[in-house]
2 protein chains.
Amino acid sequence: MSTDRITIALDVMSGDEGVDAVVPAAIETLDKHNNVDLILVGDADAIDAKLADHKSDGRIEVRHASEVVTMDDPPALALRGKRDSSMRQAINTVKEGAAQACVSAGNTGALMATARYVLKTLPGIDRPAISTAIPTVSGHTHMLDLGANIDSSADHLFQFAVMGSVLVNAVDNLDEPRVALLNIGEEAIKGNDQVKEASRMLKESELNYVGYIEGDGIYSGSADVVVCDGFVGNISLKTSEGVAKMIAHFMREEFKRGLLNKLSGVIALPVINAFKKRIDPRRYNGASLLGLQGIVIKSHGSADSFSFQRAIEIAILEVTKNIPNQIDSQLERHLVSS
Amino acid sequence: MSTDRITIALDVMSGDEGVDAVVPAAIETLDKHNNVDLILVGDADAIDAKLADHKSDGRIEVRHASEVVTMDDPPALALRGKRDSSMRQAINTVKEGAAQACVSAGNTGALMATARYVLKTLPGIDRPAISTAIPTVSGHTHMLDLGANIDSSADHLFQFAVMGSVLVNAVDNLDEPRVALLNIGEEAIKGNDQVKEASRMLKESELNYVGYIEGDGIYSGSADVVVCDGFVGNISLKTSEGVAKMIAHFMREEFKRGLLNKLSGVIALPVINAFKKRIDPRRYNGASLLGLQGIVIKSHGSADSFSFQRAIEIAILEVTKNIPNQIDSQLERHLVSS
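In this text the structure is predicted, and so the values were computed from the model without any measurement.

Caption draft 1: Fine view of the confidence of the model for chain A. Here chain A shows a mean pLDDT of 90. Residues at 70 or above account for 96%. Among the prediction metrics, the complex's ipTM stands at 0.87, with pTM recorded as 0.90.

Caption draft 2: Fine view of helix H8 (residues 230–254) of chain B. Over its 25 residues, H8 of chain B runs 36 Å from end to end, which matches the ideal 36 Å to within 8%, given 1.5 Å per residue. In this structure Asp229 of chain B caps H8 of chain B, since a side-chain oxygen of it lies 3.1 Å from the backbone nitrogen of Phe231 of chain B.

Caption draft 3: Focus on the sheet that holds strand E1 (residues 6–11) of chain B. All names here are of chain B. Here eleven strands make up an open sheet; going across it, the order is E3-E2-E1-E4-E11-E10-E5-E6-E9-E7-E8 and the pairing mixed. At either end of the open sheet lies a strand with only one pairing partner, and these are strand E3 (60–64) and strand E8 (208–213). Taking the axes of each pair of neighbouring strands and ignoring which way they run, one obtains an average angle of 25° across the sheet. Alignment of strand E4 (residues 101–104) against strand E11 (residues 295–298), held across four bridges, turns out to be parallel. When the bridges of E11 are listed, Ser104 appears paired with Lys298. The strands touched by helix H6 (residues 154–171) are strand E5 (129–136), strand E6 (139–144), strand E7 (178–182), strand E9 (225–227) and strand E10 (287–290); relative to E9, the strand with the most contacts, the crossing angle is about 165°.

Caption draft 4: Layout of a positive patch on the surface. A surface patch of like charges, here positive, comprises Arg252, Lys256, Lys262 and Lys276 of chain A. Examined against the element boundaries, Lys276 of chain A turns out to sit in helix H9 (residues 258–278).

Caption draft 5: Expanded view of the pattern of salt bridges. This structure, assessed with the given rule, holds 25 salt bridges over all chains. The salt bridge partner of Arg63 of chain B is Glu61 of chain B, with a shortest N-O separation of 3.5 Å. The structure contains a network of salt bridges with shared partners spanning Arg5, Asp37 and Arg59 of chain A.

What counts as what
The numbering scheme is per chain: residues are counted from 1 as the chain's sequence reads. Chains and ligands are labelled sequentially in the order written, the chains with letters from A and the ligands with numbers from 1. Per-residue local features of the predicted model are confined to residues with pLDDT of at least 70, and side-chain atom pairs are confined, for both listing and counting, to 80 or more; whole-chain, interface and lining totals are unaffected and use all residues. To get the side-chain values, take all heavy atoms of the structure and skip hydrogens and water. The predictor attaches a confidence to each residue, and that confidence, scored 0 to 100, is pLDDT. The numbering of helices and of strands both runs from the N terminus, where a helix is a DSSP run of H or I of at least 4 residues and a strand a run of E of at least 2. Multiply 1.5 Å by the residue count of a helix minus one, and that product is the helix's expected span. In protein, a polar contact means a hydrogen-donor-capable atom and an acceptor-capable atom, both N or O and within 3.5 Å, with residues adjacent in sequence counting only if both atoms are side-chain atoms; elsewhere, any N or O pair within 3.5 Å suffices. Pairing between two strands is assigned when DSSP locates at least 2 bridges connecting them. To obtain each axis, a line is fitted to C-alpha atoms, and for helices this fit is confined to the stretch in contact; angles are then taken between N-to-C directions over 0 to 180 degrees. In what follows, residue pairs with any heavy atoms lying within 4.5 Å of each other are defined as contacts. Like-charged residues within 9 Å of one another, or nonpolar side chains (Val, Leu, Ile, Met, Phe, Trp, Tyr) within 5 Å, are grouped into patches, provided each residue has over 30% relative accessible area and no salt bridge. Using the Shrake-Rupley algorithm and a 1.4 Å probe, accessible areas are obtained, with residue cover drawn only from the displayed protein chains. Salt bridge criterion: a side-chain nitrogen from Lys or Arg within 4 Å of a carboxyl oxygen from Asp or Glu. Counted as positive: Lys and Arg. Counted as negative: Asp and Glu. His and the chain ends are not counted at all. For this purpose, a charge sits on NZ of Lys, CZ of Arg, CG of Asp or CD of Glu.

Take a look at the structure:
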């Protein structure tokens, strides 16, 4: 790992928890990584108060921003109406080169629109995509797009595949990540035209394309990169959250039915906790906005400090691996050869 | 409940388990419902052998069919190349009026194509939809379409909504089922044009339309009918299966780590089994092909006899409630008023 110094900008204000989540996450990050400096962007008074007498040895810079993008702000309002928002200013630090990446828990639409406007996409990328790691039976996989794009064309799906493959190659040290296209399995109706055409393109590419998978294949560990349209990916991811919540709810209820069940629940508690930890979505916090000329990591809006810190870790990893440059060079190669 | 006699045709051959699943399910059905007669369609020798000396008192008729549609047969082959398949003949009994419904565990594409060709759609329905009940935190909901249609238009989504509402009104005795449209939540990109237009149509309709829900809303119990395009619905349903399988896998693993965990697993076993029973997908077997001039129920291909019997129960319920007629009259009303 490089010992070069890295600077990450944190949008302190946009998430549900604001300073309460971001400042402790920042302090923990400095403890963990002695080559990392941070720019905390937001209400300077609130940040200073939360930092209190924490000694950052000059490794934290506070940048005041007078506005906050709310979770409900439409992207157009965030972009044009709130030019001094913590979100916009955090992205600006990346544009200026003051930071190599930024992390925000703000609303996805606003973050995507602002990042795209300020940083621009890489040559050959029509639209950025949102990618995140999700657990599987045998480890984890990366899925994209998760909601930045709807009605994606075959070209878009192909670009997502290249970006996902580059990302996984770099962050998971996998030589040839297995790339799969998310599709439905019924013969009559096997896929829409975009998916079929993207499959044809991927077969001819140098990517390690392993074909179609269905929804249940996402979690089986049979692919390292799962490519899909953003509408489909977003529904799939949110559906997964819903199922996990329902199962947890049922489990709690069963362990509450009568004294005997409660007792067995107490005895099984360490196991249940270990199990819960394993599927804890907070551990998987941090989605990458791929395809931009810069690194932007989206944290879950309701992230606590543990969870926000995970998103910062992803930013650090992507800076270390220089993801945008790698996507740029790989994409050129693939677009030339395809 | 009516005491009129009901006849259900069973496609004995098309599922993975064939006679081994369907014949025991048939016998159990006769035990449970003394107003139900059955037509068992398939290889007469195999069926007779499995029936052995079961006394059906004339309530089982065996109809020989010389061909079987495999799980991999393309719909066109099933439709044109296998006219004497058990699937086709089972559907024919509904067309002829010999049975009021049929149940098949055969491949969805072939079943949909054959049913549509033989039975035709109801007036005002462009394409049939696949609907099934799925568990939620507070009971269950019905979701459609689950894969019969891709690239559904706003009109199609509206038709799905009407069909789903009629179905739930009848089978769950709900006066005004809450109908929701599945959508994504990001402001920038809130829905595609089809979903937005369908939402507008639903707002103006007499249906109890409750607006958009996201993927996690499916399982929260906030809607009785969840309407979506078949590509999206199929991915969402299969994703759910994948998550549930992964969680079960992790739970098994955790309870195996060391003697203490194994012991607590044994103690917690009754609770875990009660929990597993609650989310057992076999209990939810049986999807309705809605919008046809007749009742066709699709069983999961790998259904065992317990599971296949659940699908027969749905067929009986839909016959009792006369679902196609109800859809027909409701649709007319909604299309006139919209």
